[in-house]
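# Architecture at a glance
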Amino acid sequence: MRLTDGYTLMHEHVTIDLSGVKGDEDCRLDCLDETIEEFRRLYAFGVRNILDVTNLGMGRNVEYVRKVSEKTGIHILTATGFYKEPFFPDYVYTKSVQELAQIMEMELNAGLKEATGCDIHAAVIGEFGTGKNRMTPTEKKVFDAAAIAAKKTGARVTTHTTLGTFGEEQADYLISHGVKPENIIIGHMDLSQNMDIIFSVLKKGVNIGFDTIGKTNYCPDAFRAEALRQIAKKEMLSQVVLSMDITRKSHLSYRGGIGYSYLFEKFIPLLLKEGFTQAQIDMLLKENPRRILLTP
Ligand SMILES: [Zn+2]
């Protein structure tokens, strides 16, 4: 795995299709030209790497992603794994934990050529996760498989929590199944809007995602900025990564959404106004992703 020097967004979807299960065409993010346009703006803001956490069952499309990468110069990392109920492919219910782990290991080690025709390797396991305040037996099975594959390959794992719930349980579960805390990112923790839970997760030594920035209908950005201030005060900012988790056509600017560049147009200026330093911004967007993804 490599990273280009520059900012890295740690939880995005270049293309995704959850429209079937959700029954909403908006959840098929497939506007290639507009995405390319938005990624060129990201490049201008200094973004050089994007971790695309779209996996099996979420409409992962590596050919599409490659086009976006080639046209924009942004290096895009691909994921393997399975999301959460009810978005699992049918075979997740019938295959064993070992077989699911083998699929992930194959995509990490041998690569995706056989499955997709593209000569790339999955870079991480994710996003896999849980529903609100619960982990179903099949989600647990995916966690078991992800832990096995992560232990065997050393791959980083990045999770989905629903509204920040079950983050503590996810971290405990993965650590108790042998995944190193520093190799874990617990996602969407900003949406918990609860500093006790956020610090409880951080104290386990894992990393967390403040990765729904700009989704102000779920959580105001003022909370995110204040939470980051408190985390910085406790010297735990090195365990946080940032992203926006764009998943819908209506999130893009051509549809009147906030667009992929919102983080740089609005949120970073907000942090700077609140007294954050450029060194702290660089820690969140450069150093932390690099350490988490590339430390041997
Ligand atoms: Zn998610």
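The notes below deal with the structure included here. Fair warning: this is a prediction, and the values are worked out from it, not measured in the lab. (Residues numbered from 1 in each chain as written. Predicted model: local features only at pLDDT ≥ 70, side-chain atom pairs only at ≥ 80, totals over all residues. Heavy atoms only, no water.)

### A look at the coordination of the zinc ion
Here the zinc ion is held by the protein donor atoms Glu127 (OE), His160 (ND1) and His188 (NE2), which lie 2.0 to 2.3 Å from it. All donors of the zinc ion belong to a single chain; written as a sequence motif, their spacing is E-x32-H-x27-H. Here glutamate 127 is found in strand 7 (residues 124–129), whereas its partner histidine 160 is found in strand 8 (residues 156–160), with 33 residues between them in sequence. (Donors = N, O, S within 2.8 Å, 3.2 Å for Na, K, Ca; no water. Helix = DSSP H or I, 4+ residues; strand = E, 2+ residues; numbered from the N terminus.)

### Description of the packing of aromatic side chains
By the definition in use, this model includes eight aromatic pairs. Residues phenylalanine 45 and phenylalanine 264 carry aromatic rings whose centres are separated by 5.6 Å and whose planes lie at 20 degrees to one another, so their mutual orientation is stacked. Placement of the pair is phenylalanine 45 in the loop between helix 2 (32–44) and strand 4 (47–52) and phenylalanine 264 in helix 11 (residues 262–273), with a sequence separation of 219 residues. Assessed through its relative accessible area of 31%, phenylalanine 45 is described here as partly exposed. Look at phenylalanine 264 and you get buried, because its relative accessible area is 9%. (Phe/Tyr/Trp six-rings, centres within 6.5 Å; stacked < 30°, edge-to-face > 60°. Buried < 20%, exposed > 50% of the residue type's maximum accessible area, 1.4 Å probe, protein only.)

### Some thoughts on the packing of helix 9 (residues 195–202) against helix 10 (residues 221–233)
Relative orientation of the contacting elements helix 9 and helix 10 amounts to 45 degrees, with a least axis distance of 11 Å. One element, helix 9, and the other, helix 10, form an angle in the oblique class. The element helix 9 and its partner helix 10 pack so that their crossing is right-handed. Residues Met195, Ile198, Phe199 and Leu202 of helix 9 lie in contact with helix 10, whose contacting residues are Phe223, Ala227, Gln230 and Ile231. Of the residues that constitute the contact of helix 9 with helix 10, the class distribution is seven nonpolar, one polar and no charged. (Axes fitted to C-alpha atoms, helices over the stretch in contact; angles between N-to-C directions. Parallel < 35°, antiparallel > 145°, perpendicular 65-115°, else oblique. Left-handed = near helix turned anticlockwise from the far one by under 90°. Contact = heavy atoms within 4.5 Å. Nonpolar A, V, L, I, M, F, W, Y, C, P; charged D, E, K, R; others polar.)

### Side note on the nonpolar core
Counting 84 residues, the largest nonpolar core has Ile125, Ile231, Leu242 and Leu263 as its most contacted members. Examining the composition of this core, we find that seven residues originate from one element, helix 7 (residues 137–153), more than from any other. Beyond its immediate sequence surroundings of up to four residues, leucine 263 is in contact with Leu9, Ile213, Leu242, Met244, Ile268, Pro269 and Leu285. (Core = buried A, V, L, I, M, F, W, Y, C linked by side-chain atoms within 4.5 Å.)

### As for the sheet that holds strand 1 (residues 7–12)
If you walk across this open sheet you meet the three strands as 1-4-5, and the pairing is parallel. Each edge of the open sheet carries a strand with a single partner, namely strand 1 and strand 5 (75–77). Neighbour to neighbour, the strand axes of the sheet diverge by 20 degrees on average, direction disregarded. Inspection of the sheet shows strand 1 paired to strand 4 by four bridges, in the parallel sense. Note on strand 4: the bridge partner recorded for leucine 9 is isoleucine 50. Its contacts with the sheet place helix 2 against strand 1, strand 4 and strand 5, and it is angled at close to 130 degrees to strand 4. (Pairing = 2+ DSSP bridges.)

### Some thoughts on the environment of glutamate 169
If you trace the backbone, glutamate 169 turns up in helix 8 (residues 167–176). Expressed as a C-alpha distance, the spacing of glutamate 169 and valine 201, which sit 32 residues apart in the sequence, is 8.9 Å.

### Quick word on the sheet that holds strand 6 (residues 79–80)
One open sheet holds the six strands; their spatial order is 6-7-8-9-10-11, and the pairing between them is parallel. Since the sheet does not close on itself, it has two edges, and those belong to strand 6 and strand 11 (240–242), each with one partner. Pairing of strand 6 with strand 7, which is carried by two bridges, proceeds in the parallel orientation. In the sheet register, threonine 80 faces strand 7, and the bridge partner there is isoleucine 125. Packing of helix 10 onto the sheet brings it into contact with strand 10 (207–210) and strand 11, and relative to strand 10 it is tilted by some 155 degrees. Set on the sheet, helix 12 (residues 278–294) makes contact with strand 7, strand 8, strand 9 (184–186), strand 10 and strand 11; between it and strand 11 the angle comes to about 115 degrees.

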